[in-house]
Structure formats: structure tokens, C-alpha cells
Amino acid sequence: MNRLPLTVIGGYLGAGKTTLINRLLAEDHGQRVLVMVNDFGAINIDAALIESQSDDMVELSNGCVCCTMGADLFMAVGDVLDRHPRPDHLVIEASGIADPARIAQVAMAEPDLSYGGVVTVVDAQNYDALASDIQIGAQLRGQVDVADLVLISKADAGQVPAALGVPEAQVLDLASLDVTAPLILGDALGSGPKATAEVHPAYVSWNTREDRVLSRAQLDALIRNRPAKALRIKGFVASERGMTELHCVGPSHSLKPVPASKNTQTQLVGIGLKGHITRDDFQDWWASV
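About the criteria used
- Residues numbered from 1 in each chain as written.
- Predicted model: local features only at pLDDT ≥ 70, side-chain atom pairs only at ≥ 80, totals over all residues.
- Heavy atoms only, no water.
- 1 Å grid on protein atoms, 1.4 Å probe; cavity = no way out; pocket = protein on both sides within 12 Å on 5 of 7 lines; lining within 4 Å.
- Points joined across faces, edges and corners; volume = space filled by probe spheres on them.
- Core = buried A, V, L, I, M, F, W, Y, C linked by side-chain atoms within 4.5 Å.
- Buried < 20%, exposed > 50% of the residue type's maximum accessible area, 1.4 Å probe, protein only.
- Helix = DSSP H or I, 4+ residues; strand = E, 2+ residues; numbered from the N terminus.
- Contact = heavy atoms within 4.5 Å.
- Pairing = 2+ DSSP bridges.
- Axes fitted to C-alpha atoms, helices over the stretch in contact; angles between N-to-C directions.

> Run through the layout of surface pockets, naming residues and quoting values.
Reported here for the second largest pocket is a volume of approximately 420 Å³. Taken together, 19 residues line the second largest pocket, and the ones lying closest to its centre are Leu130, Ala228, Ala230, Leu231 and Gly250.

> Describe the nonpolar core, listing the residues and the values that go with them.
One finds Leu90, Leu113, Val150, Leu164 and Tyr203 to be the most contacted residues of the largest nonpolar core, which totals 43 residues. Examining the composition of this core, we find that five residues originate from one element, helix α4 (residues 71-81), more than from any other. The contacts of Leu90, once residues within four sequence positions are left out, are Leu4, Pro5, Leu6, Thr7, Leu34, Met36, Val80 and Leu113. In this structure, Ile9, Leu20, Leu151 and Leu177 belong to the second largest nonpolar core, which totals 19 residues.

> Lay out the sheet that holds strand β12 (residues 266-273) with the relevant residues and their values.
Two orientations exist for strands paired in a sheet by backbone hydrogen bonds: parallel and antiparallel. Taken together, five strands build an open sheet; the order of strands is β8-β12-β9-β10-β11 and the sheet is antiparallel. The open sheet has two edge strands, β8 (203-210) and β11 (252-257), and neither has a second partner. Direction aside, neighbouring strands of the sheet carry axes that sit 10° apart on average. Relative to strand β10 (residues 242-249), strand β9 (residues 230-239) is paired through eight bridges, and the arrangement is antiparallel. Within β10, the residue paired with Ala238 across the bridge is Met243.

Here you go:
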């Protein structure tokens, strides 16, 4: 039996990994693609955001799989390989704090897998500032250094972050691509995982899942008064506006209405650096309205 290609999609918190995967799944490429989603936190928000959901998705929650590289990941891969029919391609969406090359190493350890490559998504608007941050800069740069292909998101007219530091041939602007499947699901992007990045700093995550419905004023107040040290807040909020998909990345935020039938309960995850923010800080913020 032919080996199953494995491609890892990496990139820092809020870079646009899930958006890329949704775009990939919507394209007419004719392949059976199984997506494995690793989110950092007890609630797998990224898995819930995959629009083409079916049985061809596996969730890995409550931690960064590149830190454990233990039974959870290998058992999940084993389940994928036991499927009949077997998918044509396995795509793993790494958590935003993960080293994608470490996850890709499973392709070298499992004889029934082949290495498809590491694709790192970079947020053009925020990368330069984040890459120079003393706490997380090395981690972001490491995610780029191990990539076989760097895809730029949120770019203005071909904008490429000055701090990227990789060959121009490895970098493409997502906005300039008509399709992504030939890149991600085509021939292997490299021969094997590159040297892994440095161990990332410690993070904390907070989550809530409840039935409370917020007023419009409460939702606006939460967004306006969110913790300054929160790197990422994402999920679904039940409000008078209906079910709302909320994304906060640093100072930026976005709201998107979602069908009530998809989810009727507030589910939120917050992520920040340990020593800069605590779960109590997130909880106090959430309880403030």
C-alpha cells in the first residue's frame, strides 16, 4: 500500500491557519483529505471553525502535541491509517504555539506515512513586531525557519514582513493564489523535517463553556476591556446578535455571525504567556459583565 503523505500547517496564534484549511477543503482537488486539528486548550475551537466538517477530521485538544509527541498523536495517526478507504492526504493543523517540524517528525517514525512538508502561515500585519518580541520572537522565527513553504496572510499589495529572513522562492502571498491544493496536496515540499525550533515559552490557557446569553452592550464591553496581555481570544458567544464568532489577536478583533444551528452555547478560549497573565485574569474579565 502506498504511504500516506503528511503535511503540517503551522503558524503563530491568529496567523490564519484555519482559514487556509477551509480554503483548501473548499477547492475541487478530488482528493480525500483528512484534517487533524490540534488546539491549545480544553476546547478545540479551531476544529469547530472547520467549515467542511465530516468524519474526515480528528481533534487533538488540551495541549500542544509537539510538546508531548506521545500516545495521543501516534494513536490518532494509527486510527487514520486503519481507515478504509484510507485518505489520500493527512493534514495536521498545529496549534499556534507548536513547532510544526516536531509534529512532522511522526512522518519519519511511522513507516506508513511519507513526509509532505511543513507550511507555515505568517500574519503580514503583525509578524515583524511579534518576531522582535523578547518573549516569543524566537518561537515565531523558528516556525518560519523550519518551513518548506511560507504563506503570507493579511498582506497589503504583496507586503512581505522585513523580519522573515527566508529565501524569496519559499514565500508566497495567499492573496495571489487562485488555488492552494496543488501546493499543499501535490508533490512533497521537502525531503524531511528541518532542525526543530527552540522550546517555546510557557503559556496558560483559559476556557469557558456556558449557556449565558450576553446583551449587545455586554459583548461590546468584553471586547473593549479584554486583558491587555491576552495574546489570543477566540470562540463563539451567544448574544442578542445571535451566535457570534469572536476572534481577538492582540489589539485587533473581528466578529462574524454564525448559524445558530451550528452551535448554541458560548465557548471561548483565551491564551497568554505564563507570568504575564493568569487564568484568574481571564476569568475576572469574563465575569466583569
